[in-house]
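Close look at the chain arrangement
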Amino acid sequence: MLMSVLDTPRREVAEIDHALLWSALLLLLTGLVMVYSASIATAEAGRFTANQPAYYLVRHGIFLCVGLVGAAVAFQIPLNLWQRYAPWLFMIGFVLLAIVLIPGIGRDVNGARRWLPLGFVNLQPSELMKLFAVLYAADYTVRKINVMHDLKLAFLPMFAAMAVVGMLLLKEPDFGAFVVIIAIAMGILFLGGLKARLFALLVVGLLIAFTVMIVVSPYRRDRVFGFMDPWADAFGRGYQLSHSLIAFGRGELFGVGLGASVEKLFYLPEAHTDFLLAVIAEELGFVGVLTVIALFAVLVQRAFAIGRQSVQLDRLYPALVAMGIGIWLGVQSFINMGVNMGLLPTKGLTLPLMSFGGSGILANCLALAILLRVDWENRQLMRGGKV
């Protein structure tokens, strides 16, 4: 169990939210199994994988171990320390996003420059920036809580910070991460007391801005049109989505069986990353997909429940952090699932906790550890103890 990794005393195990813990564990372990199933053919044929069927399984397992070790460390850090260093972590994330754009430093993959090569692994700063955005937006909201009704004092400074981050992300380009980070910041500001009318106007403004970015960008425009009718160009812009939908159709109710997917055999691109859910649908069927959705629903519900409990204990920063993590995991999983099912345009977003990717797994594990820490501190205070 995760708590054995965290090496906490036996007495404290009973003080952890078991629904949160088990839903996270099941998603992590299911992801490990499905990444292996989805990547076997790719690993056997890849020139960089040394024809080893378990290549991605081993790497994903290593990433998971690193993530759990990072979670062990993060769980020991009190929330007041996270709050103190949140602006510095946000600055670190900003610097990393800038460095990745420097020619010769950032790594290009499929026309996108999103990774910093670190020898054995590649670091994707945008994944860490999602966590840093949660911590920073929560701290910013707490500091501005008395002026949240004021557009100039409350919103514009955060807007400026997110605009700079957004420009860096769009330069990579990583439109999906940009959407998630904006959702995190806006959600936390709204939960912190931003006026409903102002929030509604900002949402409309963002929708207009997103529409303009899609219209003026040919590749984004092609993705939208491909999403609306993937069968019109099934061998071109609609290729990924059409094969994802075929995978869903083949899975029917109970799936074709674990490991028996046909679409992962070089038909469906990015089967072990962005389109992992399609492989789950084909192999485990509607029941498998519904189970994954239910586990994410439990995870998000517990995050908001922990946040509400923090509010009742007059702990605003931990409350906003917990809910911000819930927004992050909920929005990103919703977008990934929507893309896989053909409900949303194709985006380069992985399925949290499950898809292959070291930076994403590390960031997700750190976020879960911080969420568990919020819950643990709440329970200590409710028992009359100290945190």
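Right, let's walk through the structure included here.

How each quantity is defined
- Every residue gets a number counted from 1 within its own chain, in the order that chain's sequence is written.
- Residues qualify for local features only when their pLDDT is at least 70, as the model is predicted, and side-chain atom pairs are given and counted only at 80 or more; totals for whole chains, interfaces and linings, by contrast, use all residues.
- In computing side-chain values, all of the structure's heavy atoms are included and hydrogens and water are not.
- In DSSP terms, a helix is any run of H or I states spanning at least four residues, a strand is any run of E spanning at least two, and both are numbered starting from the N terminus.
- With a 1.4 Å probe rolled over the protein chains alone, any residue whose accessible area is under 20% of its type maximum counts as buried; one over 50% counts as exposed, and the rest are partly exposed.
- Two aromatic rings from Phe, Tyr or Trp, using only the six-membered ring of Trp, form a pair when their centres are within 6.5 Å; if the ring planes differ by under 30 degrees the pair is stacked, by over 60 it is edge-to-face, and anything between is tilted.
- For this document, the term salt bridge refers to a Lys or Arg side-chain nitrogen within 4 Å of an Asp or Glu carboxyl oxygen.
- Throughout this description, the term nonpolar core refers to a set of buried Ala, Val, Leu, Ile, Met, Phe, Trp, Tyr and Cys residues connected via side-chain atoms within 4.5 Å.
- Here, two residues are considered to be in contact whenever any of their heavy atoms come within 4.5 Å of each other.
- In this analysis, the expected span of each helix is defined as 1.5 Å times one less than the number of residues it contains.
- Every patch collects residues that have over 30% relative accessible area and no salt bridge, joining them within 9 Å if they carry like charges and within 5 Å if they are nonpolar side chains (Val, Leu, Ile, Met, Phe, Trp, Tyr).
- Only the protein chains shown count as cover for residues, with accessible areas throughout obtained via the Shrake-Rupley method and a probe of 1.4 Å.
- Polar contacts, as counted here, are pairs of nitrogen or oxygen atoms within 3.5 Å of one another; within protein the pair requires one atom able to donate a hydrogen and one able to accept it, and residues that are adjacent in sequence qualify only if both atoms are side-chain atoms.

Observations regarding the environment of F75
- The residue F75 is located in helix α4 (residues 55–75) in this model.
- On the basis of relative accessibility, which here comes to 2%, the residue F75 falls in the buried class.

Some details on the packing of aromatic side chains
- Considering all chains together, one arrives at eight aromatic pairs under this definition.
- Between F75 and W376, the aromatic rings sit 6.4 Å apart at their centres with planes inclined by 65°, giving edge-to-face as the arrangement. One end of the pair, F75, is in helix α4; the other, W376, is in helix α14 (residues 358–382), and 301 residues separate them in sequence. Like W376, F75 is buried.
- Relative to Y140, the ring of Y136 has its centre 6.2 Å away and its plane inclined at 40°; by these criteria the two rings are tilted. Placement of both Y136 and Y140 in helix α6 (residues 125–143) is noted, with a separation of four residues, approximately one turn of the helix. The pair formed by Y136 and Y140 is uniform in burial state, with each residue classed as buried.
- The structure contains a cluster of three or more aromatic residues connected by ring pairs, namely Y55, Y56, F63 and F356.

Notes on the pattern of salt bridges
- Evaluation of the coordinates by the stated rule reveals eight salt bridges.
- Across the salt bridge formed by R373 and E377, the nearest N and O atoms sit 2.9 Å from each other. Residue R373 and its partner E377 are located together in helix α14, separated by four residues, close to a single helical turn.
- Here R373 falls in the buried class, since its relative accessible area comes to 7%.
- The closest approach of N and O atoms between R379 and D375, which form a salt bridge, is 2.8 Å. Highlighted residues: R379 and D375, both in helix α14, separated by four residues, approximately one helical turn.
- Under the relative-accessibility criterion, D375 is labelled buried at 1%.
- Connected through salt bridges with shared partners, the residues R315, R373 and E377 form a single ionic network.

Here's the deal with the nonpolar core
- The biggest cluster of nonpolar side chains holds 108 residues, and the ones touching the most others in it are L135, V292, V321 and M354.
- Looking at which element gives the most residues to this core, the answer is helix α12 (residues 276–312), with 13 residues.
- Residue contacts for V321: discarding those within four places in its chain leaves L79, V134, L135, A138 and I370.

As for α6
- Across its 19 residues, α6 extends 26 Å between first and last C-alpha, which sits within 8% of the 27 Å expected from 1.5 Å per residue.
- For α6, the tally of buried residues reaches 17 of 19 residues, placing the bulk of the element in the interior.

A few points about the environment of A71
- Counting through the fold element by element, A71 comes out in helix α4.
- Note on A71: relative accessible area 2%, which makes it buried.
- Considered as a pair, A71 and P53 are 18 residues apart in the sequence and their alpha carbons are 29 Å apart.

As for a nonpolar patch on the surface
- Judged by side-chain polarity, V204, I208, V212, V215 and V216 come together as a nonpolar surface patch covering roughly 450 Å² of accessible area.
- Positionally, V215 belongs in helix α9 (residues 196–216).

Examining the side chain of Q332
- Along the polypeptide, Q332 turns up in helix α13 (residues 316–341).
- Only 2.9 Å separates the side chain of Q332 from the side chain of K130, close enough to count as a polar contact.
- Of note is the side chain of Q332, whose polar atom sits 3.1 Å from the backbone oxygen of T350.
- Sequence-distant contacts of Q332, that is, excluding residues within four places in its chain, are made with K130, V180, L349, T350 and P352.

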